[in-house]
Structures are given as C-alpha cells and as structure tokens.
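Observations on the three-dimensional arrangement
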Amino acid sequence: MGKIEKVSDRLKRISVSQTLEMARRSMELREKGVDIIDLSIGQPDFKTPAHIKEAAKRAIDNDYTFYSPVAGFKELRQAIVDKFKNENNLDFDLNQIVVSNGAKQAIANVIMTLVDHDDEILVPVPYWVSYGEIINLAHGKNVFLPTDVEDDYKVSPKQIRAAITENTRVFIFSSPSNPAGSVYSKKELREIAEVISENENLYVISDEIYEHINFSGKHESIAQFDFIKDKVIVINGVSKGYAMTGWRLGYMAAPKWIADNCFKLQGQYTSGASSISQMAALEAISSEDNIYTLGMNAAFKRRRDLIIELISNIKGFRTNTPQGAFYVFPNISEFFGKSDGYIMIKNASDLAMYLLNEAHVAVVPGSAFGDPDCIRFSFATSRDKIKEAFKRIKSALEGLQV
Ligand code: PMP
Ligand code: GLU
C-alpha cells in the first residue's frame, strides 16, 4: 500500500520564513567554503553578557530543571512588571504578564487569541516577515497599509481610520520597526491611539522588541496613553536588547482576559518557556548594569551611519535613515530590467539571488516584508564586514546593464 502525503490546508496557507531561509542558504554556502557575508538575519553579533550566562549556569546548578509555570516564574514576571514601571512608566499586574518562547510565540499567542476566520488585521507595509504568516495561520485577513520611503515608512492615523471596518480586530506594528527602522514619535503614537480608541472591537499589538536599539532618543510605547491602555498588548523580549536570540525568551503585557487566554493556549501547546532561559532573562532584565546594552546601541548607531553612507554611494538605492533596530531597507527597483548578460533582474528576489551568487553577500528580498521593490540589509555585523560587503555589492551591480 502506498502513502498519501497530505499537508493540512492550514499549513498550505503559510510559506517558509524568508529571513530564516536566507540565513540557512548562506550557512549552507559557507559550509561549502564560500566566503559569504551574511547581512540577512537580524541578530546582534555580540555575545550574551557574562553575568547573564553565569545566572543560567547557576540556574542549572540550583536545579531549575523542572517544568516552569506556564506564564513564567513569578520572580521573572515581577521583574518584567518592574521593568515596565521603571523604563516605560507603565503599570501592569503580575497576572497580565505571560512569558513565552521568544517574542514570536508571544505574538502568535495573541493573534490566535484575538483573530477568528476572516477577521481583519491592519498591517503597515513593510512589516516584519512573520506577522502576515501568523495571521494566515489564524485564518485572519491581512489588510496591508502601504507606506512610502518619503514618510519614513510610517503609517498615518488617517490611513488607519480609512481602513477600519466592522471586521477589524487588530492593528499590529513595531516601533522601532523591522525592516525599515522607523520610530514613531509620541505625538504620532497619540494620534494613532485616538483612532484605535474610537473602535470598541479594535486592539493594538505593539511589538517593542527593538526598544533598546533606538538612535532617536527615548523609547515611546503606545500603551502610555491611559485612554487605550486596556486595548494594547505590548510585546517585548530579551533577544535583541541583551543579545540573547538563541535563549528564546519573550513576553507580553496584555489586558488580563487576553493574558488568560494566551496562558490557556500556551499551556496546551508548548508549556512554560525554558526554565534556564527564564533565570537568565531575570538577570538581564533586573540587572542595574545596562552599560552593555548602551554600548551595543552606540555600536549599532555607528554601523547605521556607515551603511547609510555606503548606500548613498550606490546609484539606484533609495532609502530612509533608520532611527532604530538594525536594518536598512532600500528601494532597488531601478535595477529591474537590467542584466549581466545571463540573468535578467525582474524583482527583488532576483537581485537578492544575484548578490548572493555574484557578491557572496546574503540579504533578504523585500517581498518577505510586503514590499517587492526593496531589499533588507541587516547591519548587526562588524564595520569591516559591512565595508567589504558593500565593496562587493558595488562591483557586482556595476555588472548589470539595461
Ligand atoms: N518582532 C520583530 C519585529 C522581530 O524582528 C523579531 C525577530 N527576532 C521578533 C519579533 C521575534 O523575536 P524573538 O527572537 O524574541 O522571537
Ligand atoms: N527577527 C529577525 C529577522 O527579522 C530574526 C529572524 C526571524 O525570526 O525571522 O531577521
């Protein structure tokens, strides 16, 4: 008897993560001996600080090796409550915090909790790669809100108001944003909050994972406005700010009924996050020593300045100047229709493949983020590598003619 390999309709609705896919491809080429410079995946190249690693080692020695409470250890949730108070002047109760396996799971928990078949979710474009796909998994309907490089890739309150229907459930965005590095000001957030507050069905997922990588000043959260506080779910985690991507530790602060339902889902799906990672995150979040974080931020800012200068030397790249996170997202559509005599560049994916094969530089095509005219560079790598990457990119692009 043969076998039928039938994948569920649910999974057919989503595609492979293109950020992780480009990182996988560049790793594969590197293993074959090709000297790849990877500007694809977004993760700090810094090591997790020693005091955090020590806390994890202590956790193992102290037998933090059992299942953890689904919502996270009480000490960690208290540290998160304190962090919100001290860093963001936001008041949350312990029972509003759910710790998850990365911010990614926290986002998935909330979307699965709030979104039913054909509910509409407003997603400014460009968006982080997994928002659209998690929404697809939940059978929600992505309503994409286009933005422009001239507007720093930010969505306006007017656009949000115009897109709202009786089926709109969620507005999801990140500030600082991935992939464009946009940072919304307090005034812009207030104006968006006012639109949200006009609609009783509508909730905001505010993804603040890049809070600590901000070149424009103090981080502002949309949850600060009392008149929508009970409609905002704040997402955060330790991946970016503390160089802890592999520890898989994120969290949310949500209205209690949402936190309760995320707790229910997570309890059936994955249980509490790794007990060792939780103790490491406790050290990261509650430590007074944030010099490391500040140091990383300064290094990212210098790299941002460098990459913007290098991009400005390439004719045909048009970009905003990112104010946070560690990505730059130039429009590269001027290269469409050009060829090196063998390959015709028709879209951003073709250009990304061309750069991978010819320049040995890995980038992510903008289609992953909803904008097929752009490509994303991560500048979470050393200045020397960035310089070498752009030398190679420039020379590869010179080989393309109309
Ligand atoms: N949100 C955004 C905007 C991201 O770029 C990422 C990528 N790390 C995440 C969420 C998920 O982060 P985590 O590693 O905590 O799952
Ligand atoms: N958030 C990072 C990125 O956008 C990590 C990869 C991922 O989780 O998608 O590259």
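Note that the structure is predicted; figures quoted are calculated from it, not measured.

1. A closer look at the site of ligand 2
Taken together, the neighbourhood of ligand 2 is formed by T19, L20, I41, G42, K104, W128, V129, N178, Y210, K240, Y327 and R376. One nitrogen or oxygen atom from the side chain of N178 is found 3.0 Å from an oxygen atom belonging to ligand 2. In the environment of ligand 2, a nitrogen atom lies 3.3 Å from a nitrogen or oxygen atom belonging to the side chain of K240. Here ligand 2 loses 88% of its free accessible area of 280 Å² to cover by the protein chains. Of the residues belonging to the shell around ligand 2, the class tally is six nonpolar, three polar and three charged.

2. Details of the nonpolar core
I233, F317, L351, F377 and F390 are the most contacted members of the largest nonpolar core, which totals 84 residues. With 49 residues, the next largest nonpolar core counts A163, F171, F173 and I196 among its residues.

3. Observations concerning the sheet that holds strand β2 (residues 97-100)
Read from one edge of the open sheet, seven strands run β2-β8-β7-β6-β5-β3-β4, paired in mixed fashion. Edge positions in the sheet fall to β2 and β4 (141-145), since each of these pairs with one other strand and no more. Each adjacent strand pair in this sheet contributes to an overall mean axis angle of 20°, direction not counted. On the sheet, helix α5 (residues 102-114) packs against β2, β5 (168-174), β6 (203-207), β7 (232-237) and β8 (250-253) and is oriented at approximately 160° with respect to β7.

4. Quick look at the sheet that holds strand β12 (residues 375-378)
Taken together, three strands build an open sheet; the order of strands is β9-β12-β11 and the sheet is antiparallel. Strands with a single pairing partner mark the edges of an open sheet, and in this sheet they are β9 (327-328) and β11 (364-365). Bridge count for β9 against β12 is two bridges, and the pairing is antiparallel. Each residue of the ladder has a partner; that of V328, found in β12, is F377.

So, how was this worked out
- Residues numbered from 1 in each chain as written.
- Chains lettered and ligands numbered in written order.
- Predicted model: local features only at pLDDT ≥ 70, side-chain atom pairs only at ≥ 80, totals over all residues.
- Heavy atoms only, no water.
- Near = heavy atom within 4 Å.
- Polar contact = N/O pair within 3.5 Å; in protein donor to acceptor, adjacent residues only side chain to side chain.
- Areas by Shrake-Rupley, 256 points an atom, 1.4 Å probe, with all protein chains shown as cover.
- Nonpolar A, V, L, I, M, F, W, Y, C, P; charged D, E, K, R; others polar.
- Core = buried A, V, L, I, M, F, W, Y, C linked by side-chain atoms within 4.5 Å.
- Buried < 20%, exposed > 50% of the residue type's maximum accessible area, 1.4 Å probe, protein only.
- Pairing = 2+ DSSP bridges.
- Helix = DSSP H or I, 4+ residues; strand = E, 2+ residues; numbered from the N terminus.
- Axes fitted to C-alpha atoms, helices over the stretch in contact; angles between N-to-C directions.
- Contact = heavy atoms within 4.5 Å.

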